[in-house]
Amino acid sequence: MPVVTSIYAALATLLVILLALLVVDQRRRSAIGLGDGGDRQLQQRMRVHANAVENLPLALLLLLLLELGGADPRLLHGFGGALIVARLLHAWGFLRRSGTSFGRFFGTLATWLLMIAMAILLLWRVLL
């Protein structure tokens, strides 16, 4: 079993569930069962949740492939830990304000840089 990836997949799942609960909470408060009904806070929460769902699967897949390929567990923990921190930072920043924020910007930047680094490392390990 890929132990390192399992840890970060579990943490990422808990984060996605937490973000989904925030969407459900706003749906209940606004009495909106489908769509966003023009509710700005619901739109914001839906996008925070969707953004996590859009980015985490690819990042976790890269982490898994690196682990299965025998990458150093310390490196994998570095990638996984940084990924979770980046996604928490993004969610925190985006939930505080819908526009540009420190958390949203740096959470996104860190997520993308981590994914690029893992993709390049994976290509390097496979091709060389």
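J.: Outline helix 4 (residues 102-127), supporting the account with residue identities and numerical values.
T.: The end-to-end C-alpha distance of helix 4, which contains 26 residues, comes to 37 Å, matching closely the 38 Å that a straight helix rising 1.5 Å per residue would cover. Among all positions in helix 4, only Gly103, Gly107, Thr108, Thr111, Leu114, Met115, Met118, Leu121 and Leu122 are buried. Looking at the packing, one finds that the buried side of helix 4 touches helix 2 (40-68) and helix 3 (73-96).

J.: Kindly report on the pattern of salt bridges, identifying the contributing residues and their values.
T.: If you walk through the whole model with that rule in mind, you get 4 salt bridges. Among the ionic pairs, Arg29 bridges to Asp25, the shortest N-O distance being 2.8 Å. You can see Arg29 and its partner Asp25 sitting in helix 1 (residues 3-30), 4 residues apart, about one turn around the helix. A relative accessible area of 27% places Asp25 in the partly exposed class. Between Asp25 and Arg45 there is a salt bridge, with the nearest N and O atoms lying 3.2 Å from each other. A residue pair is termed long-range when its members are at least 10 positions apart, and Asp25 in helix 1 and Arg45 in helix 2 qualify at 20 residues. Judged by its relative accessible area of 14%, Arg45 is buried. One connected set of salt bridges, linked through shared partners, spans Asp25, Arg29 and Arg45.

J.: Describe in detail the nonpolar core, supporting the description with residues and values.
T.: Counting 26 residues, the largest nonpolar core has Leu56, Leu60, Leu63, Leu66, Phe79 and Met118 as its most contacted members. Looking at this core, the elements with two or more residues in it are helix 1, helix 2, helix 3 and helix 4. Here this core gets 8 residues from one element, more than from any other, and that element is helix 2. Among all residues touching Leu56, those that are not within four sequence positions of it are Ala12, Val16, Leu83 and Arg87.

J.: Could you give an account of the packing of aromatic side chains, naming the residues involved and the relevant values?
T.: According to the stated counting rule, one finds 2 aromatic pairs in the structure shown. Chaining the aromatic ring pairs together yields one cluster made of Phe102, Phe105 and Phe106. It is Arg104 that lies over the ring of Phe94; its NZ or CZ is 3.8 Å from the centre.

J.: So what about the packing of helix 2 against helix 4? Which residues, and what values?
T.: Running from N to C, helix 2 and helix 4 cross one another at 35°; their axes reach a closest spacing of 10 Å. Along this stretch, helix 2 crosses helix 4, giving a crossing that reads as left-handed. Mapping the contact onto sequence places Asn55, Leu58, Ala59, Leu62, Leu63, Leu65 and Leu66 in helix 2 and Thr111, Trp112, Met115, Met118, Ala119, Leu121, Leu122 and Arg125 in helix 4. For the contact of helix 2 with helix 4, the per-class residue count stands at 12 nonpolar, 2 polar and 1 charged.

J.: Residues and numbers for the side chain of Ser101, please.
T.: Topologically, Ser101 is positioned in the loop between helix 3 and helix 4. A distance of 3.2 Å separates a polar atom in the side chain of Ser101 from the backbone oxygen of Gly93. Not counting chain neighbours up to four residues away, the residues in contact with Ser101 comprise Gly93 and Phe94.

Cut-offs applied
Residue positions within a chain follow its written sequence, with the count starting from 1. Thresholds applied to this predicted model are a pLDDT of at least 70 for local features of residues and 80 or more for the giving and counting of side-chain atom pairs; totals over whole chains, interfaces and linings are not thresholded and use all residues. Side-chain measures were taken over the full set of non-hydrogen atoms in the model, leaving aside hydrogen atoms and water. Only runs of H or I of at least four residues qualify as helices and only runs of E of at least two qualify as strands under DSSP, and these elements are numbered from the N terminus. A helix is expected to span 1.5 Å for every residue after the first. Residue burial is assigned from relative accessible area. The probe radius is 1.4 Å, only protein chains are included, and a residue is buried under 20% of its type maximum, exposed over 50%, and partly exposed in between. Between two residues, a contact is recorded if the distance between any of their heavy atoms is within 4.5 Å. The term salt bridge refers to a side-chain nitrogen of Lys or Arg lying within 4 Å of a carboxyl oxygen of Asp or Glu. By nonpolar core we mean a set of buried residues, namely Ala, Val, Leu, Ile, Met, Phe, Trp, Tyr and Cys, connected to one another through side-chain atoms within 4.5 Å. Each aromatic pair joins two rings of Phe, Tyr and Trp (for Trp, the six-membered one) with centres within 6.5 Å, and gets the label stacked for planes under 30 degrees apart, edge-to-face for over 60, and tilted for any other angle. Whether a charge sits over a ring depends on NZ of Lys or CZ of Arg being within 6 Å of the ring centre and within 35 degrees of the ring normal. Think of each axis as a best-fit line through the C-alpha atoms, taken over the contacting stretch in the case of a helix, with angles from 0 to 180 degrees between the N-to-C directions. A crossing counts as left-handed when the near helix is turned anticlockwise from the far one by less than a right angle, and as right-handed when that turn is clockwise. When residues are grouped by polarity, Ala, Val, Leu, Ile, Met, Phe, Trp, Tyr, Cys and Pro land in nonpolar, Asp, Glu, Lys and Arg in charged, and all others, Gly among them, in polar. By the criterion applied in these results, polar contacts are pairs of N or O atoms within 3.5 Å in which, for protein atoms, one can donate a hydrogen and the other can accept it, and in which residues neighboring in sequence qualify only through two side-chain atoms.

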